[in-house]
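Structural characterization, general
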Amino acid sequence: RRASQGMADSGLLESVLRLVEKVDGGVDSQDVAGGLSVDHQVVVGAVKSLQALGEVIEATQRSSKHWEVTGEGNEILEQGSHEARVFKAIPEEGLPQSELMKLPSGKVGFSKAMSNKWIRLDKGHEGGPRVFRTVDSIEDAVREKLQQVKKGQSSQLEEKEKNELKKRKLLTEVTVKSYWITKGSNFSTTITKQETELTPEMIASGSWREKKFKPYNFEAMGVAPDSGHLHPLMKVRTQFRQIFLEMGFTEMPTNNFIESSFWNFDSLFQPQQHPARDQHDTFFLSDPALAHEFPPDYLERVKKVHSEGGFGSQGYKYDWKIEEAQKNILRTHTTAVSARMLYKLAQQEKFTPVKYFSIDRVFRNETLDATHLAEFHQIEGVVADYGLTLGDLMGVLHQFFTKLGITKLRFKPAYNPYTEPSMEVFSYHEGLKKWVEVGNSGVFRPEMLLPMGLPEEVSVIAWGLSLERPTMIKYGINNIRELVGHKVNLQMVYDSPVCRLDS
Amino acid sequence: MPTVGVKRDLLFQALGRTYTDEEFDELCFEFGLELDEITSEKDIISREQGDQKAEGASDVILYKIDVPANRYDLLCLEGLVRGLQVFKEKMEAPRYRRVSPVNGDPQRLIITEDTAGVRPHAVAAVLRNITFTPERYESFIELQEKLHQNVCRKRTLVAIGTHDLDTVSGPFTYTAKAPNDIRFRPLNQSQEYTATQLMSLYKTDSHLRHYLHIIEDEPLYPVIYDSNGIVLSMPPIINGDHSKISVNTKNVFIECTATDLTKAKIVLDMVVTMFIVCVLLSSLSLSLSLSLSLSLSLSLSLSLSLRESAESIAQLLTRMCLRSEVAGDDGQIQVEIPPTRSDVIHACDIMEDAAMAYGFNNITRTTPRTYTVANQLPLNKLTELLRMDLAAAGFTEALTFALCSQEDIADKLGKNISETRAVHISNPKTAEFQVARTTLLSGLLKTVAANRKMPLPLKLFEISDVVLKDETTDVGARNNRRLCAVYYNKTPGFEVIHGLLDRVMQLLEVRPGRKHGYYIQAAEDSTFFPGRCAEIFSHGESVGRLGVLHPDVISGFELTMPCSALEINIEHFL
């Protein structure tokens, strides 16, 4: 609760204030307790309540030492010191030492009374050693000193005396935390009742003008709002979509997870024996196992460029099989959709330049580890126009990554069956102090584009990256399972901040 | 991407200078390689089998270098060094030439028709007057293994056999015979076996058992004999012991049998050209199959943004082992493709090499002038808008997998798998990847199950795709965009989920009503508690269901509290 708790009764508070008013330099809370004859803890409570009222008083905590009578000391206060009790127990005719020793105070009292010279011992007495008084009356100094301490006048005793009593375990020295109370800038001896909150009535009546309000505790946390939350990976997806839209890219329809090998591989000039088409890398379907519809002329051209070459290419020169192309799979990349879109573009009466993008799921039947799942999101950008160059690809990548807050880029030659040249994109990571791979890019091969029917002078540049990797870096997540899938901790989702990729 | 391990000091010796790790890494980057790891045999053994086993192992430093998957010519030390030295202009690109033996005719390999059914192609070559050193011999064997694993696709496409020519005599015959009719002493065995016996012998061999399936079920097995009937090899499984090569072998007979002739030629060219350099004077080979000449015009340089003269482009290409010269005045460049560069199949491959030699990072970055107007996919636009408003309605977004087990979408939801219209995966490694989901509900329930410790209520949603069989599409399946939400608490909260439906409909501008609006109507569904399920209709069409989940479904997902759920098809509202 934000408002301070507990309020001592105002009568006591005002009594304290009156005491403070009387003194000039200030007063110790212990003395206040003595003066008002209340327990010190009650005064401490009153001080805290007064502090909460604002500038009424100023109180600084301090600690002081003080002497207290022990349990045994209290017994002496009631019954007299051991030596006094021994003295009183001895009659005129004396007492046998053996009997004296049986008294509760006997042992201690005897030696003390002896050294005070109040009594004497007749060792040679008939019938055994016997003790006699030597004086008529005594003064019980120990008891008197203890009484002084009890009255709070311990300062009147000498240190030596107090230490002597401490040694006898009749006094003990304790440290007491107390407050030094002085008048505050707003000092007054009367207490106004403090309001907790502003109410509609106070606003209506204007009574808030006269009221005092309890101060808030600004150290406390607020109450969390009752709200829904967006998933961090999806927040990052929204930002990437935004970036592409800002750059004038149109979104491709990637809502088809099931793809034929034809569009996923063959149309991209990826040979049928390529390792990516292996059972170990790709999920194949048993039902529906085969795709049954392909553009027939295009299919023939794809077959030809693989098996015999053409369009300026030697081809791969192998026995291309329709059965292999028909196999249905879970798409391994969204480039399958890019291929469909470029084919569609090529069927237009007249070519028009395009910029396409997509962000959607892809699937790999790979070995899983901390950074690899069987499904992840691929981000892809494609530009098709007359005369695009490798320099243009680098320029577009530079613009794209700048929007992600990445400005230091460099490019490494790489291999990809459907792009030539192919470049891995590296960015300099200031934290890791090294170049890290952030994406892949390239110019689509003529063997992919020309069978589709695109004009020979048209180049298509493209790049791709995963959505998960930049998100993991952004949110500092090391295990992909903490980000994606049903095992994520919802608290992570609740706590994830807004996503600004460039800051 | 294949990885080649080379001894650092041998590499530096061959390169004629030493590099720091950073310098060598930089050189790799430029050349399209990647210095993946710096290690030693000792490190590798100690990592895989513990420090004790590693004691006494070699601590000679090894560079593990990642090589692009199409650059078979960089799969051994010899090839790497040649490529880098030419790149750094420390040596000229070698030219390869087939020569005839000084005395006698070239060797011949006769292929019989019997091989047609099992492994129809074979090519062969002879390397003469070779001098192996122990290191070079080791590299020769390793190159074959690298080729087998990569371009040969684990010996299915091509298998390589190398033999000491001086222990056999040609002409050689490549034929196929019934397994019981093949009998020989295989490599490193002391006795003869029939092919049938060999196949069972190698069943337990950690290395060879992976290749048995290639011919196991064939009626005839491939086999190569010399003119005296000595078995050289039974491809793609094992060579004969008789003709085995050693570090002292002078003349090597190399045969490649294959199901893909193009790849067989590539592989043979690779083995021959990689080791030809150590026998400069002598080589005789049967096959150097490919020497391709391509003419390039200056348009190439334009597509690379290289503003270079034809002369300097020719020079750049020569640094990539592609000997080039300017032919004529119109900027045409004549390029000679050596047999080592089987990756070059189109002019664009040559362009890339020019760009690499120029340095990708030296190319000026430009901005294309392509003018386009951006459009969102309407379905994704709607999805984005609804997501925001569902979160504003107090529901938290989950992100679950599109692949799951049959159980998740059928048994656990009280359904039969046959009624789900699910697509089935034929090669899942685990049950988690048996099918593509047909509902978002199971993913959300699994998310709740993983978060049972969170304060109640849990209110989750997801808008994503499910996959359904659909014969009207080319692949026989289609995605369907769904909105699913669950409410999990001590009370079922049907009114909460119902309220969310009303809110979604309000957002979609669909008013309550029978004909032109939406309404819900009691329905039977085994996923839901009897009498607590309703079907949702919009404009007279069923778009989904909502209700309180069946207790068996709740326990099936290892949950303990009542739960209500909603799932609708949002494509209806486009």
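From a predicted model like this one, the values you see are computed outputs, not experimental measurements.

Next up on the list: the overall build of chain B. Check the secondary structure of chain B and you find 16 helices and 26 strands. The C-alpha atoms of chain B give a radius of gyration of 33 Å, which is well past the 25 Å a tight globule of 574 residues would have. Projected onto the principal axes, the alpha-carbon positions of chain B cover approximately 100 × 65 × 55 Å. Counting only residues that meet the buried cut, chain B has 55% of its 574 residues in that class.

This next bit is on the overall build of chain A. Summing up its helical and strand segments, chain A has 19 helices and 18 strands in all. For chain A, whose C-alpha radius of gyration is 47 Å, the value lies well above the compact-globule estimate of 23 Å for 503 residues. On the principal axes, the C-alpha backbone points of chain A span a range of 140 × 75 × 40 Å. Taking all 503 residues of chain A together, the buried fraction comes to 50%. Within chain A, contacts between residues at least 6 apart in sequence are counted, and of these 70% link residues at least 24 apart. In the form shown here, chain A has an accessible surface area of approximately 24,400 Å², with 49% of it arising from carbon and sulfur atoms. Side-chain charges of chain A comprise 63 positive and 67 negative groups, with the mean position of each set lying 6 Å from the other.

Now for the sheet that holds strand β2 (residues 57-69) of chain A. Residue and element names in this part refer to chain A. An order of β1-β6-β2 is seen for the 3 strands of this open sheet, with the pairing classed as antiparallel. For this open sheet the edge positions go to β1 (27-28) and β2, each flanked by a neighbour on one side alone. Across 13 bridges, the pairing between β2 and strand β6 (residues 171-183) is antiparallel. Residue pairing for β6: His66 is matched across the bridge by Val174. Together, β1, β2 and β6 form the strand contacts of helix α1 (residues 10-22), whose direction differs from that of β6 by roughly 80 degrees.

Residue and element names in this part refer to chain B. Of note, Glu567 is situated in strand β26 (residues 563-569). At 2.8 Å, the side chain of Glu567 and the side chain of Arg482 are in polar contact. For Glu567, the contacting residues outside a window of four places in its chain are Thr439, Leu440, Leu441, Val466, Arg482, Leu483, Cys484, Val543, Gly544 and Arg545.

All names here are of chain B. Sheet architecture is open: 3 strands sit in the order β1-β3-β2, paired in antiparallel fashion. At either end of the open sheet lies a strand with only one pairing partner, and these are β1 (3-7) and β2 (34-40). Direction aside, neighbouring strands of the sheet carry axes that sit 25 degrees apart on average. As defined by bridge partners, β2 adjoins strand β3 (residues 61-66) across 6 bridges and the pair is classed as antiparallel. Each bridged residue has a counterpart across the sheet, and for Ile38 the counterpart in β3 is Tyr63.

With respect to the helices, strands and loops of the structure, Gly476 of chain B is situated in the loop between β21 (458-469) and β22 (477-488). For the pair formed by Gly476 of chain B and Val423 of chain B, sequence separation is 53 residues and the distance between their alpha carbons is 9.2 Å. The residues touching Gly476 of chain B, leaving out its near neighbours within four places in the chain, are Pro288 and His292 of chain A together with Lys469, Asp470 and Glu471 of chain B.

Here the focus is the interface of chain B and chain A. In this complex, chain B contributes 93 residues to the contact, which on the side of chain A involves 106 residues. Carbon and sulfur atoms supply 56% of the area buried between chain B and chain A, which totals about 8,200 Å² over both sides. Counting across the interface, chain B meets chain A through 8 salt bridges. In this structure, the salt-bridge partner of Asp349 of chain B is Arg445 of chain A, at a minimum N-O distance of 2.7 Å. Looking at the side of chain B that touches chain A, the element that brings in the most residues is β21 of chain B, giving 8 residues. The residue makeup of the side of chain B that touches chain A, split by class, is 43 nonpolar, 28 polar and 22 charged. Bridging between strand β11 (residues 285-287) of chain A and strand β19 (residues 424-425) of chain B involves 2 bridges; their strand directions are antiparallel. Bridging from a neighbouring strand, Leu285 of chain A pairs with Ile425 of chain B of β19 of chain B.

This part takes up the packing of α1 of chain A against helix α3 (residues 40-52) of chain A. Residue and element names in this part refer to chain A. Running from N to C, α1 and α3 cross one another at 85 degrees; their axes reach a closest spacing of 10 Å. One element, α1, and the other, α3, form an angle in the roughly perpendicular class. The segment α1 lies against α3, with Leu12, Leu13, Val16 and Leu17 engaging Val42, Ala46, Ser49 and Leu50. The residue inventory of the contact of α1 with α3, partitioned by class, reads 7 nonpolar, 1 polar and no charged.

Phe240, Leu397 and Phe400 of chain A together with Leu11, Phe24, Leu147 and Val267 of chain B are the most contacted members of the largest nonpolar core, which has 101 residues in total. The element contributing the most residues to this core is helix α8 (residues 261-276) of chain B, with 9 residues. With 53 residues, the next largest nonpolar core counts Ile258, Leu299, Tyr318 and Ala339 of chain A among its residues.

The next subject is a negative patch on the surface. Residue and element names in this part refer to chain B. A contiguous patch of negative charge on the surface is contributed by Glu41, Glu135, Glu138 and Glu142. Broken down by element, the residue count for the negative patch peaks at 3 residues, all from helix α6 (residues 134-149). Within the secondary structure layout, Glu138 lies in helix α6.

Residues and elements named next belong to chain B. The side-chain alternation of β1 yields one buried face, formed by Val4 and Val6, and one unburied face, formed by Thr3, Gly5 and Lys7. When β1 meets β3, the two strands line up antiparallel, connected through 5 bridges. Bridge pairing in β3 links Lys7 to Leu62.

Here the focus is the UniProt feature "domain: Aminoacyl-transfer RNA synthetases class-II family profile" (unreviewed entry) in chain A. Mapped onto this structure's residue numbering, the UniProt feature "domain: Aminoacyl-transfer RNA synthetases class-II family profile" (unreviewed entry) falls at residues 235-497 of chain A. The annotated region residues 235-497 of chain A carries 30% helix and 27% strand content, and the separation between its end C-alpha atoms amounts to 9 Å.

What follows covers helix α4 (residues 71-79) of chain A. Residues and elements named next belong to chain A. What α4 keeps buried is the set Gly73, Ile76 and Leu77. Buried positions in α4, seen along its axis, are confined to an arc of 105 degrees and lie on one side of it. Facing away from the buried side of α4 by over 90 degrees, the exposed positions are Gly71 and Glu78.

Looking now at unusual backbone geometry. Cis geometry is found at the peptide bond from Glu420 of chain A to Pro421 of chain A, where omega equals -5 degrees. Inspection of the secondary structure puts Pro421 of chain A in strand β16 (residues 419-429). Omega for the peptide link from Pro235 of chain B to Pro236 of chain B comes to 0 degrees, which places this bond in the cis form. Even without being a glycine, Lys117 of chain A presents a positive backbone phi close to 60 degrees. Among the secondary structure elements, Lys117 of chain A is positioned in the loop between α7 (106-115) and β4 (119-122).

Moving on to the packing of aromatic side chains. Geometry of an aromatic ring pair is reported as the spacing of the ring centres plus the angle between the planes. Counted by the stated rule, this structure contains 34 aromatic pairs over all chains. The rings of Phe240, Phe244, Phe249, Phe357, Phe400, Phe401 and Trp463 of chain A are connected pair by pair, giving a single aromatic cluster. The aromatic ring of Tyr211 of chain B is capped on one face by Arg155 of chain B, whose charged end is 4.0 Å from the ring centroid. Positioned above the aromatic ring of Tyr519 of chain B, the side-chain terminus of Arg514 of chain B is 3.9 Å from the ring centre.

This part is about the pairing of strand β25 (residues 541-549) of chain B. All names here are of chain B. Examined bridge by bridge, strand β24 (residues 528-538) and β25 share 7 bridges and lie antiparallel to one another. For Ile536, the partnering residue across the bridge sits in β25 and is Gly544. The loop that links β24 with its antiparallel partner β25 comprises 2 residues; one of these, His539, has a positive phi angle of about 50 degrees. As judged from the 5 bridges shared by β25 and β26, these two strands associate in the antiparallel manner. Each residue of the ladder has a partner; that of Leu546, found in β26, is Leu566.

A few words on helix α2 (residues 29-36) of chain A. An α-helical turn contains 3.6 residues, so any two residues separated by three or four positions project in the same direction. Residue and element names in this part refer to chain A. By the burial criterion, the buried members of α2 are Ser29, Val32 and Ala33. Relative to the axis of α2, the buried residues are bounded by an arc of 100 degrees and lie together on one face. In α2, the exposed positions that point more than 90 degrees away from the buried face belong to Asp31, Gly34 and Gly35. On its buried face, α2 is in contact with α1, β1, α3 and β6.

Attention shifts here to the environment of Glu300 of chain A. Looking at the element boundaries, Glu300 of chain A is found in helix α13 (residues 296-307). Of the residues examined, Glu300 of chain A reaches a relative accessible area of 45% and is grouped as partly exposed.

This part is about the packing of helix α1 (residues 8-15) of chain B against helix α5 (residues 77-87) of chain B. Residue and element names in this part refer to chain B. The geometry of α1 relative to α5 is characterised by a closest axis approach of 10 Å and an angle of 40 degrees between their N-to-C directions. Our classification of the angle between α1 and α5 gives oblique. In this structure, the crossing between α1 and α5 has a hand that is right-handed. Residues Leu10, Leu11, Ala14 and Leu15 of α1 form the contact with α5, whose participating residues are Leu77, Val81, Leu84 and Gln85. When its residues are assigned to classes, the contact of α1 with α5 shows 7 nonpolar, 1 polar and no charged.

Each value, and the rule that gives it
- Residues numbered from 1 in each chain as written.
- Chains lettered and ligands numbered in written order.
- Predicted model: local features only at pLDDT ≥ 70, side-chain atom pairs only at ≥ 80, totals over all residues.
- Heavy atoms only, no water.
- Helix = DSSP H or I, 4+ residues; strand = E, 2+ residues; numbered from the N terminus.
- Rg over C-alpha atoms; globule rule 2.2 N^0.38 Å.
- Buried < 20%, exposed > 50% of the residue type's maximum accessible area, 1.4 Å probe, protein only.
- Contact = heavy atoms within 4.5 Å.
- Areas by Shrake-Rupley, 256 points an atom, 1.4 Å probe, with all protein chains shown as cover.
- Lys, Arg positive; Asp, Glu negative; His and termini not counted.
- Charge placed at Lys NZ, Arg CZ, Asp CG, Glu CD.
- Pairing = 2+ DSSP bridges.
- Axes fitted to C-alpha atoms, helices over the stretch in contact; angles between N-to-C directions.
- Polar contact = N/O pair within 3.5 Å; in protein donor to acceptor, adjacent residues only side chain to side chain.
- Buried area = accessible area lost by both parts, 1.4 Å probe.
- Salt bridge = Lys/Arg side-chain N within 4 Å of Asp/Glu carboxyl O.
- Nonpolar A, V, L, I, M, F, W, Y, C, P; charged D, E, K, R; others polar.
- Parallel < 35°, antiparallel > 145°, perpendicular 65-115°, else oblique.
- Core = buried A, V, L, I, M, F, W, Y, C linked by side-chain atoms within 4.5 Å.
- Patch = residues over 30% accessible without salt bridge, like charges linked within 9 Å, V, L, I, M, F, W, Y side chains within 5 Å.
- UniProt positions renumbered as here; feature names shortened; annotations may be inferred.
- Arc of directions from axis to C-beta.
- Phe/Tyr/Trp six-rings, centres within 6.5 Å; stacked < 30°, edge-to-face > 60°.
- Lys NZ or Arg CZ within 6 Å of the ring centre and 35° of its normal.
- Left-handed = near helix turned anticlockwise from the far one by under 90°.

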